[in-house]
Amino acid sequence: MCELFGISSKNPYSINTYLKEFFSHSGVHPHGWGMAFMEGNQVQIEKEPIQATKSNYLKERLTVPVLVRNAFAHIRYATIGNVEYRNCHPYTQRDYSKRQWTLVHNGTIFDCPPLSRYVGIQTGDTDSERILLYLVDVINKKEEELGRKMSGDERFYLLDTVIAKMAEGNKLNLMFFDGELFYVHTNYADSLYKLEKQNQVLFSTSPLGKEQWEPVLFTTLQAYRDGELLYRGTNHGNEYKDNEENIKLLYRIFSDL
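### A short note on the sheet that holds strand S8 (residues 182-185)
Spatial strand order, S5-S6-S7-S8-S12-S13: six strands in an open sheet with antiparallel pairing. Each edge of the sheet is formed by a strand with only one pairing partner; in this case those strands are strand S5 (91-94) and strand S13 (228-232). Pairwise comparison of adjacent strand axes, ignoring direction, gives a mean angle of 25 degrees for this sheet. Of the pairings in the sheet, the one linking strand S12 (residues 222-225) to S13 comprises four bridges and is antiparallel in character. Counterpart to Ala 223 in the pairing with S13 is Tyr 231. Packing of helix H3 (residues 127-146) onto the sheet brings it into contact with S5, strand S6 (100-108) and strand S7 (171-177), and relative to S6 it is tilted by some 135 degrees.

As structure tokens, this is what we get:
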């Protein structure tokens, strides 16, 4: 199981303290680390296929202030996809309207037929990258159908339906950003928390530090802008629970990495 961290903020905010604690968890998530810093449609991604606490680059990187408005961080425990740079999160993709989408994922897609077509297209091997390619395609196809660029409202409610369907039988903890909206979703119990501050909201797989983190709203897509909750989708009720069949499948996949 990977771990996620994210922030949506109205103003630049230093996240070094949170990142240092977050990346300290990489002893049990040793298969790569990554960060993405997003400002509108400009995205800077830094990642390596090594354990975060063993990265000299990351150690030096965190000695200077990391001031951001929108950012993701990820530490990977490989389930699908080998331990390689191309399989490290975050992933990014531009849509036809020039929006730059960026995504991090914690979980596994066990059954989602629409993702299959991306196996021969994607850069790496992960189901997480296929999720991003699929979401961008959904937006592209809808905008081609409409003959115009979609509004934030339209994008959110379209993706609310897509995420609800994708969550059926799949572990889908997600954060993604479309250049304007910061989307958050969890359907696996006790695996994503938020910390609300003045003009900021932070997210993490587990609480970081002693502040008052609280669980993210369950089985419901949400979207933030500048630290403010703008959209709350339908509670689709598709909770993921581990079962013996899926655990055996993951064991077989992991033994082949």
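### Points about the sheet that holds strand S11 (residues 214-215)
Strands sit in the order S3-S2-S4-S1-S10-S9-S11 across an open sheet of seven strands; the sheet is antiparallel. The open sheet is flanked by strand S3 (42-48) and S11, the only strands paired with a single partner. Two elements, strand S2 (residues 33-39) and strand S4 (residues 67-75), share six bridges in a ladder whose sense is antiparallel. Across the sheet, Ala 36 pairs through a bridge with Phe 72, a residue of S4.

### A look at helix H4 (residues 152-166)
An α-helix turns once every 3.6 residues. As a result, residues three or four positions apart point the same way. For H4, which comprises 15 residues, the first-to-last C-alpha distance of 21 Å matches the rise-based estimate of 21 Å (1.5 Å per residue) to within 8%. Along H4, the residues that are buried comprise Gly 152, Arg 155, Phe 156, Leu 159, Asp 160, Val 162, Ile 163, Ala 164 and Met 166. Close packing links the buried residues of H4 with S6, H3, S7, S8, S12 and S13.

### Focus: the nonpolar core
Among the nonpolar cores identified, the biggest contains 30 residues, and Ile 131, Leu 135, Met 166, Phe 176 and Tyr 183 are the most heavily contacted of them. It is H3 that contributes the most residues to this core, eight residues altogether. Counting 24 residues, the second largest nonpolar core, distinct from the first, contains Leu 19, Trp 33, Met 35 and Tyr 193.

### So, the side chain of Gln 100
Examined against the element boundaries, Gln 100 turns out to sit in strand S6. On the accessibility criterion, Gln 100 (11% relative accessible area) is buried. One polar contact links Gln 100 to Thr 92, side chain to side chain, over a distance of 2.8 Å. When sequence neighbours within four positions are dropped, the list of residues in contact with Gln 100 reads Asn 41, Val 43, Thr 92, Gln 93, Arg 94, Phe 177, Asp 178 and Gly 179.

### Let's talk about the environment of Arg 76
Relative to the helices and strands, Arg 76 is located in the loop between S4 and S5. For Arg 76, a relative accessible area of 2% translates into the label buried. Placed 74 residues apart in sequence, Arg 76 and Cys 2 show a C-alpha to C-alpha distance of 4.6 Å. Only 3.4 Å separates the side chain of Arg 76 from the backbone oxygen of Asn 87, close enough to count as a polar contact.

Quick notes on the rules
Residues numbered from 1 in each chain as written. Predicted model: local features only at pLDDT ≥ 70, side-chain atom pairs only at ≥ 80, totals over all residues. Heavy atoms only, no water. Pairing = 2+ DSSP bridges. Helix = DSSP H or I, 4+ residues; strand = E, 2+ residues; numbered from the N terminus. Axes fitted to C-alpha atoms, helices over the stretch in contact; angles between N-to-C directions. Contact = heavy atoms within 4.5 Å. Expected span 1.5 Å × (residues − 1). Buried < 20%, exposed > 50% of the residue type's maximum accessible area, 1.4 Å probe, protein only. Core = buried A, V, L, I, M, F, W, Y, C linked by side-chain atoms within 4.5 Å. Polar contact = N/O pair within 3.5 Å; in protein donor to acceptor, adjacent residues only side chain to side chain.

This is a description of form; function is not addressed.
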